[in-house]
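Close look at the chain arrangement
Each chain, written out:
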Amino acid sequence: NLYINRGEVVSLIGPSGSGKSTILRCIVDLESITSGEILIEGNNLTDKNVDKKIKKEILLKTGMVFQTFNLFPHLSVRNNIVKTLKLVKKIDTSEAEAIAQKMLDLVGLSDKINSFPNELSGGQKQRVAIARALALQPDILLFDEPTSALDPELVKEVLDIIRKLKEQKITMLIVSHEMNFVREISDRIVVMEKGKILETCLL
């Protein structure tokens, strides 16, 4: 069993192939589970009889940041966030643009609002991806190896943003190999191997 309390930061560690990323993908319904349950704020995501509208509302409580950024290359930084907000939350353009500006301020990229992904460094792309996830106001933010695709000198700027999110008491589940950072940022560390949880360490 794995539980995450509101405002808590939990990190998943373990060798490649141990199931860390799979857990995240199951939580956001990108992978189907064959047994067990996933409960988000008491709602069973895996109940076959759950109403589709309710399931969508449950999934909107989660935000995922991928290691490969997953930005739309043909859209500006602003529109990467605005388009997502309009598609997912059905809000109007002016409100979406105001949220985009606020989130880019938070991650220190307001000066890149009109840039396109190919004009950004890897660290900047990941910070835009974090801003896009935060714009949806999720109750829990999931990070799948957020620094693994970055050059070493760009890692710090992404980790600094995650530190800032912890200060704001945002609930986070993080998969990472950055062990010093994991020890610093986490309330608990969960060790996995071969698809199983071996132990949980309180920090």
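Residues numbered from 1 in each chain as written. Predicted model: local features only at pLDDT ≥ 70, side-chain atom pairs only at ≥ 80, totals over all residues. Heavy atoms only, no water.

As for the layout of surface pockets
Quantified by volume, the largest pocket comes out at close to 1000 Å³. Lining of the largest pocket is provided by 31 residues; of these, Leu2, Ile23, Ile27, Glu37 and Ile38 occupy positions nearest its centre. Secondary structure elements with two or more residues in the lining of the largest pocket: helix H1 (20-27), strand E2 (39-40), strand E6 (171-175) and strand E8 (196-202). A per-class count over the lining of the largest pocket returns 14 nonpolar, 11 polar and six charged. Thr62, Met64, Phe66, Val88 and Leu136 are, among the 20 residues lining the second largest pocket, the residues nearest its centre. At the level of elements, helix H2 (52-59), strand E4 (62-65), helix H3 (77-89) and helix H5 (122-135) are the ones that each hand at least two residues to the lining of the second largest pocket. (1 Å grid on protein atoms, 1.4 Å probe; cavity = no way out; pocket = protein on both sides within 12 Å on 5 of 7 lines; lining within 4 Å. Points joined across faces, edges and corners; volume = space filled by probe spheres on them. Helix = DSSP H or I, 4+ residues; strand = E, 2+ residues; numbered from the N terminus. Nonpolar A, V, L, I, M, F, W, Y, C, P; charged D, E, K, R; others polar.)

Quick word on the sheet that holds E4
Read from one edge of the open sheet, six strands run E4-E5-E6-E1-E7-E8, paired in mixed fashion. Of all the strands in the sheet, the pair left with one neighbour each is E4 and E8. Recorded for the sheet is a direction-independent mean angle of 20° between the axes of neighbouring strands. One ladder, built from four bridges, connects strand E1 (residues 9-13) with strand E7 (residues 188-193); its direction is parallel. Each residue of the ladder has a partner; that of serine 11, found in E7, is isoleucine 189. Packed onto the sheet, H1 meets E1, E4, strand E5 (140-144), E6 and E7 and runs at close to 140° relative to E6. (Pairing = 2+ DSSP bridges. Axes fitted to C-alpha atoms, helices over the stretch in contact; angles between N-to-C directions. Contact = heavy atoms within 4.5 Å.)

Examining the nonpolar core
The nonpolar side chains of a soluble globular protein tend to be buried with one another. In this structure, Ile130, Phe143, Ile162, Leu165 and Met172 are the most contacted members of the largest nonpolar core, which totals 42 residues. In this structure, isoleucine 162 is in contact with Phe143, Pro146, Met172, Ile174, Phe181 and Ile185, ignoring residues within four places of it in sequence. Within the second largest apolar cluster, 17 residues are counted, among which are Leu24, Cys26, Val28 and Leu142. (Core = buried A, V, L, I, M, F, W, Y, C linked by side-chain atoms within 4.5 Å. Buried < 20%, exposed > 50% of the residue type's maximum accessible area, 1.4 Å probe, protein only.)

Considering the side chain of arginine 127
As for its placement among the helices and strands, arginine 127 is situated in helix H5. Setting aside residues up to four positions removed in sequence, arginine 127 forms contacts with Val107, Gly108, Leu109, Glu157, Val158 and Ile161.

Considering the packing of helix H4 (residues 93-106) against H5
It is the contact of H4 with H5, at a shortest axis distance of 9 Å, that shows an interaxial angle of 130°. Here H5 runs oblique to H4, going by the angle between their axes. The chirality of how H4 crosses H5 is right-handed. Across the interface between the two elements, Ile99, Met103, Leu104 and Leu106 of H4 pack against Ala131, Leu134 and Ala135 of H5. Of the residues assigned to the contact of H4 with H5, the class counts are seven nonpolar, no polar and no charged. (Parallel < 35°, antiparallel > 145°, perpendicular 65-115°, else oblique. Left-handed = near helix turned anticlockwise from the far one by under 90°.)

Regarding the pairing of E8
Here E7 pairs with E8 via six bridges, running antiparallel. Residue pairing in the sheet places valine 190 in a bridge with threonine 200 of E8. Linkage of E7 to E8, two consecutive antiparallel strands, is achieved through a turn of two residues, within which lysine 194 is found at a positive phi near 50°.

A short note on the side chain of serine 11
Mapped onto the elements, serine 11 comes out in strand E1. Overall, serine 11 belongs to the buried group, its relative accessible area being 0%. Of the polar contacts made by the side chain of serine 11, one reaches the side chain of serine 186; its length is 2.6 Å. Residues within four places of serine 11 in sequence aside, it is in contact with Ile174, Val182, Ile185, Ser186, Arg188, Ile189 and Val190. (Polar contact = N/O pair within 3.5 Å; in protein donor to acceptor, adjacent residues only side chain to side chain.)

Some details on unusual backbone geometry
With a phi close to 55°, asparagine 70 is a non-glycine residue in the positive phi region. As for its placement among the helices and strands, asparagine 70 is situated in the loop between E4 and H3. What makes asparagine 70 partly exposed here is its relative accessible area of 39%. Even without glycine at this site, glutamine 137 takes up a positive phi of about 55°.

Focus: the packing of H5 against helix H6 (residues 152-167)
The interhelical angle for the contact between H5 and H6, taken along N-to-C directions, is 20°, at an axis separation of 8 Å. Here H6 runs roughly parallel to H5, going by the angle between their axes. Crossing hand, H5 versus H6: right-handed. Where H5 approaches H6, its residues Gly122, Gly123, Gln124, Gln126, Arg127, Ile130 and Leu134 are matched on the opposing element by Leu154, Glu157, Val158, Ile161 and Leu165. Tallied by class, residues from the contact of H5 with H6 come to six nonpolar, four polar and two charged.

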